[in-house]
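# Coordinates in review
Okay, here's what each chain looks like letter by letter:
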Amino acid sequence: QVQLVESGGGLVQPGGSLRLSCAASGIIFSAYVMRWYRQAPGKQRELVAAITSGNSTNYADSVKGRFTISRDNAKNTVNLQMNSLKPEDTALYYCNAELNPSSTRYKYWGRGTQVTVSS
């Protein structure tokens, strides 16, 4: 059974930091592109960051310089280090795994972890 389980969300003050983790099971982790998405109430789901099997990364312009995505293939985990958090970062953050090369069949989602940035 394929599972993606996010953790690390919570309440933090503006300017603070959080580290999100996503633990994957049931897949050959190293073969998948891993992504973090987020969705705030009333807004569309947006891509935050992505990391390929070869550790190439991409970030949304809104988080560049503040967020860092990384992966540990030995532990089947992908992380998102979030620094200098802003209230507009508040959202439900989802972990996504997609087989590389791209596949609609082999694409999975976690249930999400809530990040709230507020004073």
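Refer to the structure above for everything that follows.
Summary of the structure given here. (Residues numbered from 1 in each chain as written. Predicted model: local features only at pLDDT ≥ 70, side-chain atom pairs only at ≥ 80, totals over all residues. Heavy atoms only, no water.)

Looking at chain direction, strand β4 (residues 32–39) and strand β5 (residues 46–51) are connected through 5 bridges and run antiparallel. By the bridge assignment, W36 is partnered in β5 with A49. Bridging between β5 and strand β6 (residues 57–59) involves 3 bridges; their strand directions are antiparallel. The residue bridging A49 from the neighbouring strand is Y59, located in β6. Hairpin connection, β5 to β6: the antiparallel pair is bridged by 5 residues, and N55 has positive phi, about 70°. (Pairing = 2+ DSSP bridges. Helix = DSSP H or I, 4+ residues; strand = E, 2+ residues; numbered from the N terminus.)

All right, on to the state of the cysteines then. Under the defined criterion, the tally for this structure stands at 1 disulfide. C22 shares a disulfide with C95; S-S distance 2.1 Å. In this structure, the disulfide formed by C22 and C95 twists by about -80° around the S-S bond and is classed as left-handed. Residue C22 is found in strand β3 (residues 18–25), and its partner C95 is found in strand β9 (residues 91–99); the two are separated by 73 residues along the sequence. Residue C22 is classed as buried on the basis of its relative accessible area, which comes to 0%. (Disulfide = S-S within 2.5 Å. Buried < 20%, exposed > 50% of the residue type's maximum accessible area, 1.4 Å probe, protein only.)

With omega at 10°, the peptide bond leading from N100 into P101 counts as cis. Secondary-structure assignment places P101 in the loop between β9 and β10 (107–109). With a phi close to 55°, N76 is a non-glycine residue in the positive phi region. With respect to the element layout, N76 can be found in the loop between β7 (67–72) and β8 (77–82). Residue classification places N76 among the partly exposed residues on the basis of a relative accessible area of 23%. For S84, which is not a glycine, the phi torsion comes out positive at approximately 50°. Structurally, S84 can be placed in the loop between β8 and β9. On the basis of relative accessible area, S84 is assigned to the partly exposed category, the value being 40%.

Further remarks concern the pattern of salt bridges. Summed over the entire model, instances satisfying the criterion amount to 5 salt bridges. For R38, the salt bridge is made with D89, and the minimal N-O distance between the two is 3.0 Å. Residue R38 is found in strand β4, and its partner D89 is found in the loop between β8 and β9; the two are separated by 51 residues along the sequence. Owing to a relative accessible area of 5%, R38 belongs among the buried residues under this scheme. Looking at D89, the relative accessible area reads 1%, which means it is buried. Connected through salt bridges with shared partners, the residues R38, E46, R66 and D89 form a single ionic network. (Salt bridge = Lys/Arg side-chain N within 4 Å of Asp/Glu carboxyl O.)

So, on to the side chain of R66. Structurally, R66 is set in the loop between β6 and β7. Given the relative accessible area of 11%, R66 is considered buried. Only 3.0 Å separates the side chain of R66 from the backbone oxygen of S84, close enough to count as a polar contact. Not counting the four nearest positions on each side in its chain, R66 is found in contact with Q81, M82, N83, S84, L85, K86 and D89. (Polar contact = N/O pair within 3.5 Å; in protein donor to acceptor, adjacent residues only side chain to side chain. Contact = heavy atoms within 4.5 Å.)

So yeah, pure geometry; function would need other evidence.
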